[in-house]
Amino acid sequence: MDKEISRRQFLEKIGLGTAAGTSLLLLKDVANARPGTELIPSRTLGRTGAKVSILAFGCGSRFLMYKDEESASAILNHAIDLGITYLDTAYAYGDGQSETRVGKVMASRRNDVWLATKIPDRTRDEFLRRLQGSLKRLQTDHVDLVHIHSLGQADDLAKIEAPDGALKGLMEAREQKMARFAGMTSHTNGEVMAKAIERHDLDCVQMALNASRNGRFEELALPAANARNLGVIAMKVTGQEFLVGDGPGKADMNSLLRYSMSLPVTTAVVGMPRPEMLAHNVETARSFSPLNDQEKERLRQQLGPFREGLEKRLVGHLDGPTANPEIFLA
C-alpha cells in the first residue's frame, strides 16, 4: 500500500477489515498519513484555559477490546495522529490495564495530549495512594486532570465530602501537582452532581449527556457547570449502546454524537473498539455542524420514552465490553 494513501482510500480500505489483525496492518501502513488542513475542531476546556479536540478517545472497555498490546498502541497512536488530543482513562478500566496501555504510548507522546484519569476510592488516603499507582502506570509525573470516579446518589457525595473523604485527596493532588486540575464524573443523578459543582472548587466535570437526557444532567448539572465556567466532558453519548440503532427509541451514531457535541460542552468521550469506528467518528467531528433547536428537540422526543430504561441500566453501571461493536456504525 502506498504510504501516501489518501484519506478516502483509507476509509474505503478500513471498512473492509474488521478483525483486529487486519486493522492493525492498515494502521501501520497509514502511520505517516497525518491529516493536513482537515483538523478536528477544538474548544476551550472551561477555566483550565486548555484547548482540546471536540472528540475524545475513551480508553475504557472498548479500548480493552483490542486484544493485544501492539494493536492497542497502534490505535491510540493513530487517534493522536488524526488530531484527538483528549484521552480518557481510569484505574477501574481493567484494574489498571487501560492506564498501563495508555502509559506505553505516553512514554513518547505525553506532550501531544490532555491526559485524564479517574480514581474510584472514597477516602483521602486511598485516593492519593491509588493516584500514585496510576501515575506509575501512565509513565508520567502528573496527569492534566484527575476525577473522582462515578459520583452516585446523595449518600455517596456525603462519603466523598467527609473530613477524610476523597474530595480532600482530590484537592491535595492538585496542590501537590500530581494533577493540574481536579474534577468529578457521574452518570447517575444530575441533581447530586449539581450540588457537588455548587459546593466545591472543581475545574472540570464529566457527565452523561445524550438525547434521552437520562439523570437530568442536561437540565440540572450542565447549567451549574456552565455558570462556574467548568470544563464539561460529555460521556454516555450512546448510553452504552442502549440508544444507538434502528427502530423506536433509537438513533444513528452520527445524530447521537452531534447531539452531545451541540450542547455547551468542550468534548465528547467515545469508546471506539475498532479502527473503522475511529475513522467514522473523526470524520463526524471534522465536519461537525451543530444541530439546531428543532433537530435537538426531535431527538429528545424520539429517545425520551427510553430515558427511564437507560437510567435503570446505568445505576451501578460497571464499564464492560460490548457484545455488538458493529452497532457503533449503525
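Labelled according to an unreviewed UniProt entry, the protein appears under the name Aldo/keto reductase, originating from Candidatus Sulfotelmatobacter kueseliae.

Chemist: Now, about the pairing of strand 5 (residues 114-119): what can you tell me, with residues and values included?
Modeler: Most of strand 5 is tucked away, with 6 of its 6 residues classed as buried. Along strand 5, one buried face is formed by Trp114, Ala116 and Lys118 and the opposite face, lined by Leu115, Thr117 and Ile119, is buried too. With 3 bridges connecting them, strand 4 (residues 86-88) and strand 5 associate as parallel partners. Bridge pairing links Asp88 to Ala116 in strand 5. Sheet topology places strand 5 next to strand 6 (residues 143-148); 4 bridges connect them, and they run parallel.

Chemist: Please give an account of helix 12 (residues 275-286) that cites residues and values.
Modeler: End to end, helix 12 covers 16 Å across 12 residues, agreeing with the expected 16 Å (1.5 Å per residue, within 8%). Most of helix 12 sits out of view: 10 of its 12 residues are buried. Restricting attention to buried positions, one finds in helix 12 the residues Pro275, Glu276, Met277, Leu278, Ala279, Asn281, Val282, Thr284, Ala285 and Arg286.

Chemist: So, the confidence of the model for the protein: which residues are in play, and what are the values?
Modeler: Of all residues in the protein, 84% have pLDDT values of 70 or greater, and the mean over the chain is 87. Counted against residues more than four places away or in other chains, residues 1-37, with its pLDDT under 50, gives 46 contacts. Contacts from residues 320-330, a stretch scored under 50 in pLDDT, to residues over four places away or in other chains number 31 contacts.

Cut-offs applied
Residues numbered from 1 in each chain as written. Predicted model: local features only at pLDDT ≥ 70, side-chain atom pairs only at ≥ 80, totals over all residues. Heavy atoms only, no water. Buried < 20%, exposed > 50% of the residue type's maximum accessible area, 1.4 Å probe, protein only. Helix = DSSP H or I, 4+ residues; strand = E, 2+ residues; numbered from the N terminus. Pairing = 2+ DSSP bridges. Expected span 1.5 Å × (residues − 1). pLDDT = per-residue confidence, 0-100. Contact = heavy atoms within 4.5 Å.

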